[in-house]
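Read off the chains here:
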Amino acid sequence: MGKDVIVACDFSSAAEVYAFLDKFTGRKPFVKIGMELYYAEGPAIVKGIKDRGHPIFLDLKLHDIPNTVKKAMNVLSRLDVDICNLHAGGTVRMMQAAIEGLTREDGSRPLLIAVTQLTSTDQESMEQDLLIKQPIDQVVMHYAANAKKAGLDGVVCSPLEAQKVHDTCGKEFLTVTPGVRFADGDVGDQKRVMTPAQAKEIGSDYIVVGRPITAAADPVAAYERCVAEFCD
Ligand code: C5P
């Protein structure tokens, strides 16, 4: 795996997501299932999309005491997804417990990546709400290094941080980057964006693209454009 476009299927029902995926008659895009869809439809939506042949990134961002995360990851590993994630803020011990829980009896497991600081958190809210005084880019790199230390496979990060994450944690450590927009597209509520071609240039391993594909007049063409810019 690697160098792929992950489509953020931010829909609120199975009917909507299946109607969207029905448009893809050839290629089977990598699908990100987030909290909204998972909480609405439960594990059946994961199985349903998997059975249609799509690789899946289950984006549930776990964050709890190590024992609870270990047990929850054990349940998620049975869903046979390709990537799942957690918050690095839960500590190295929590991340190690997550790996233990995720690892199946035969030693296999889905890829596990960490959210460092959410892109919705800025320097001011980090200092005032979380009492973290260091510069946010240092905090992000420290959390990425913690994720690596715990044995995780990579991080979700802004495309602008991907290069530095690779410099800090190594080229093999995966960077999964949302905040992608076409050069001629709407930015929407994303603040710091890159085109798929720029994300490729700076070394993102996967890009996560939602509305530029899901809200496009022709979603399949928009997806193919992302693939052409990012993967080819
Ligand atoms: O529609 P859009 O391309 O902005 O969707 C981006 C997806 O990536 C959404 O599912 C959003 O929740 C997710 N995401 C993000 N920024 C992060 C982490 C996740 O936009 N830092």
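Sequence order sets the numbering: in each chain, residues are counted from 1 along the sequence as written. Whole-chain, interface and lining totals are the exception, using all residues; otherwise, since this is a predicted model, local features are given only for residues with pLDDT of at least 70 and side-chain atom pairs are given and counted only at 80 or more. Side-chain numbers come from the whole structure's heavy atoms, not from hydrogens or water.

Student: Lay out the site of the ligand with the relevant residues and their values.
Tutor: If a single non-hydrogen atom of a residue is within 4 Å of a molecule or strand, that residue counts as near it. The ligand sits among Ala8, Asp10, Lys32, Thr119, Pro178, Arg181, Gln190, Val208, Val209, Gly210, Arg211 and Pro212. Whenever a nitrogen or oxygen atom comes within 3.5 Å of another N or O atom, the pair is scored as a polar contact, on the condition that within protein one atom can donate a hydrogen and the other can accept it, and that pairs from neighbouring residues in sequence are kept only if both atoms are in side chains. Between Asp10 and the ligand, the recorded distance is 2.7 Å, taken from a side-chain N or O atom to an oxygen atom. Within the side chain of Lys32, a nitrogen or oxygen atom sits 2.9 Å from an oxygen atom of the ligand. Within the complex, the protein chains bury 83% of what would otherwise be the 470 Å² of accessible surface of the ligand. Whether a set of points on the 1 Å grid over the protein atoms alone is a cavity depends on a 1.4 Å probe fitting there but being unable to get out, while an open set qualifies as a pocket with protein on both sides within 12 Å along at least five of seven lines; lining residues are those with an atom within 4 Å of a point. To decide whether a molecule occupies a pocket or cavity, check its atoms: if more than half lie within 2 Å of the grid points, it is inside. Given that more than half its atoms are within 2 Å of the pocket grid, the ligand belongs to the largest pocket. Numbered from the N terminus, helices here are DSSP runs of H or I no shorter than four residues, and strands are runs of E no shorter than two. Listed by contribution, the elements that provide at least two residues to the shell around the ligand are strand S8 (206-209) and helix H10 (211-214). Broken down by class, the residue content of the shell around the ligand amounts to 5 nonpolar, 3 polar and 4 charged. Here the open area of atoms and residues is found with the Shrake-Rupley method and a 1.4 Å probe, where only the protein chains shown may cover a residue. Residues are grouped as follows: nonpolar covers Ala, Val, Leu, Ile, Met, Phe, Trp, Tyr, Cys and Pro; charged covers Asp, Glu, Lys and Arg; every other residue, Gly included, is treated as polar.

Student: I'd like a description of the environment of Ile136, backed by residues and values.
Tutor: Position of Ile136 among the secondary structure elements: in helix H7 (residues 136-149). Burial status follows relative accessibility: with a 1.4 Å probe on protein chains alone, a residue under 20% of its type maximum counts as buried, one over 50% as exposed, and anything between as partly exposed. A relative accessible area of 24% means that Ile136 is categorised as partly exposed. Sequence spacing of Ile136 and Met126 is 10 residues, and the spatial spacing of their C-alpha atoms is 7.8 Å. In contact with Ile136, not counting residues within four places along its chain, are Gln117, Thr121, Asp122, Gln123 and Met126. Two residues qualify as a contact provided that any one of their heavy atoms is within 4.5 Å of a heavy atom in the partner residue.

Student: Describe the pairing of strand S1 (residues 4-8), naming the residues involved and giving the relevant values.
Tutor: Across the 5 residues of S1, 4 count as buried, placing the element largely inside the fold. Bridge count for S1 against S8 is 4 bridges, and the pairing is parallel. Note on S8: the bridge partner recorded for Ile6 is Val208. Bridging between S1 and strand S2 (residues 30-33) involves 3 bridges; their strand directions are parallel. DSSP-based pairing: two strands are paired if at least 2 bridges between them are found.

Student: Lay out the layout of surface pockets with the relevant residues and their values.
Tutor: Grid points are joined across faces, edges and corners, and a volume is the space filled by probe spheres set on the points. By volume, the largest pocket is sized at about 1200 Å³. Lining the largest pocket are 45 residues; nearest its centre among them are Leu118, Thr119, Ser120, Pro178 and Gln190. Of all the secondary-structure elements, those providing two or more residues to the lining of the largest pocket are helix H2 (35-41), strand S3 (56-62), H7, helix H8 (159-169) and S8. When the residues that make up the lining of the largest pocket are grouped by side-chain class, the tally is 19 nonpolar, 12 polar and 14 charged.

Geometric values such as these leave the question of function open.
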